[in-house]
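Listed below are the residues making up each chain.
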Amino acid sequence: EEMERDPTVLVMGEDVGHYGGSYKVTYDLYKKYGEMRLLDTPIAENSFAGMGIGAAMTGLRPIIEGMNMGFLLLAFNQISNNCGMLHYTSGGQYKVPVVIRGPGGVGRQLGAEHSQRLESYFQSIPGVQLVACSTARNSKALLKAAIRSDNPVIFFEHVLLYNVKGPVGDKDEVQELNRAEVVRQGSDITILCYSRMRYVSMQAVGELVTQGYDPEVIDLISLKPFDLETIYNSIKKTRKVLIVEECMKTGGIGASLSSTIGENFIDELDHEVVRLSSQDVPTAYAHELEAATIVQPEQVIEAVHKMCGAAVPV
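Quick summary incoming for the structure in this document. From a predicted model like this one, the values you see are computed outputs, not experimental measurements.

**So, the sheet that holds strand β6 (residues 153–158)**
With mixed pairing, 7 strands are arranged side by side in an open sheet as β2-β1-β3-β4-β6-β5-β10. With partners counted over all chains shown, the strands left at the sheet margins are β2 (38–40) and β10 (222–224), one partner each. The mean angle between the axes of side-by-side strands here comes to 20°, regardless of whether they run parallel or antiparallel. Where strand β5 (residues 129–132) and β6 come together, 4 bridges link them in parallel fashion. Directly across from V131, in β6, lies its bridge partner F155.

What follows is the structure, encoded as structure tokens:
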């Protein structure tokens, strides 16, 4: 829809054209828009990321796909020193309307190098916005908004969410990039999550509700900047915060979010902020070990029990 609406939009990356992308996100689009707007690149992330950023400076709106988000570490220099800074270092002479997107997160036995969570790597880069989609509807609406944005957006798609089905909005529906989504309203505790952890959290909430608890669940969506207004409104009501993330615990999104909440909303809290994060180890290939490194619904349930105490019978 955006390529049809705006002739300056193009996609570049490994196998995005004839093959249709590693997860078929761009399947058959080259037949409609041609090989120059669905540009198959060499296996050289630093080169085609730099090319995409340069194209954005000249007025195009490139969508740079990493076949796996972990591969974009090879383009870290282009993303950090060019993508996020050029608008500032050029004195506003250049805009960089680029979207950098692709599959990431812990899949099913993809091994350590293909199970990276790069949001923690990119959060400290000035000038870029981080967005993590989670549903069919917000994936489409957020991606459309990211493509139309004049700012560089790193767009995180989870490898295990490509099979999620659901309703989507029409071609005019876009979603605000820096706004969190209240998935479930509640009064006992605020659960902050994003991407696939939305589903892990909601699975846990299903059990917690039967036990008499009333959790509020918020999908962060914007990992930089955080939607502090929505977060504050929830904390003011529940006075307890549980952060559930797939990111590593050390230096992760949850660490930044926890410190931000402590700095801004400490007087609203009746309990310390609790973080459930992935283990600080390379992700194992073996299924049982892989599952042990990431947060499971049972851990969410246990954390809520500890933070809220016994549920009051309804």
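Back to the text.
**A few points about the packing of helix α3 (residues 45–57) against helix α4 (residues 76–83)**
It is at 8 Å that the axes of α3 and α4 come closest, and there the two elements cross at 25°. Here α3 is positioned roughly parallel relative to α4, judged by the angle of their axes. Considering only the axes of α3 and α4, their crossing is right-handed. Here N46, A49, G50 and I53 of α3 lie close against α4, whose contacting residues are Q78, I79, N82 and C83.

**Thoughts on helix α10 (residues 253–265)**
For α10, built from 13 residues, the straight-helix expectation of 18 Å at 1.5 Å per residue is met to within 8% by its first-to-last C-alpha distance of 17 Å. Looking at α10, one finds that the buried residues are I253, G254, L257, S258, T260, I261 and F265. Buried residues of α10, viewed axially, fall in a sector of 165°; they line one side. In the core, the buried residues of α10 are packed alongside α6 (119–122), β8 (189–193), β10, α9 (228–238), β11 (241–248) and β12 (274–278).

**Concerning the nonpolar core**
Across soluble globular proteins, nonpolar side chains show a tendency to be buried alongside one another. In terms of nonpolar packing, the biggest core is built from 43 residues, with I154, L192, I231 and I261 touching the most fellow members. Where this core is concerned, the elements lending two or more residues are β1 (9–13), α3, α4, β5, β6, α9, β11 and α10. With near-sequence residues (within four places) excluded, I261 lies in contact with L192, I231, I235, V241, I266, L269 and V273. Of all hydrophobic cores here, the second largest spans 20 residues; its members include V244, L276, V300 and A303.

**Topic: the environment of S258**
Within the element layout of this structure, S258 appears in helix α10. Taking the C-alpha atoms as reference points, S258 and V274, 16 residues apart in sequence, are found 8.1 Å from one another. With sequence-adjacent residues up to four places away left out, S258 is seen in contact with I243, V273 and R275.

**Structural notes on the sheet that holds β11**
Spatially, β7-β9-β8-β11-β12 is the arrangement adopted by the 5 strands of the open sheet, whose pairing is mixed. A strand with exactly one partner marks an edge of an open sheet, and here the two such strands are β7 (181–184) and β12. Sheet twist, expressed as the average angle between the axes of neighbouring strands with direction ignored, equals 25°. Pairing of β7 with strand β9 (residues 215–219), which is carried by 3 bridges, proceeds in the antiparallel orientation. For E181, the partnering residue across the bridge sits in β9 and is D219. α10 rests against β8, β11 and β12 of the sheet, and its axis sits at about 150° to β11.

Conventions and cut-offs
- Residues numbered from 1 in each chain as written.
- Predicted model: local features only at pLDDT ≥ 70, side-chain atom pairs only at ≥ 80, totals over all residues.
- Heavy atoms only, no water.
- Pairing = 2+ DSSP bridges.
- Helix = DSSP H or I, 4+ residues; strand = E, 2+ residues; numbered from the N terminus.
- Axes fitted to C-alpha atoms, helices over the stretch in contact; angles between N-to-C directions.
- Parallel < 35°, antiparallel > 145°, perpendicular 65-115°, else oblique.
- Left-handed = near helix turned anticlockwise from the far one by under 90°.
- Contact = heavy atoms within 4.5 Å.
- Expected span 1.5 Å × (residues − 1).
- Buried < 20%, exposed > 50% of the residue type's maximum accessible area, 1.4 Å probe, protein only.
- Arc of directions from axis to C-beta.
- Core = buried A, V, L, I, M, F, W, Y, C linked by side-chain atoms within 4.5 Å.

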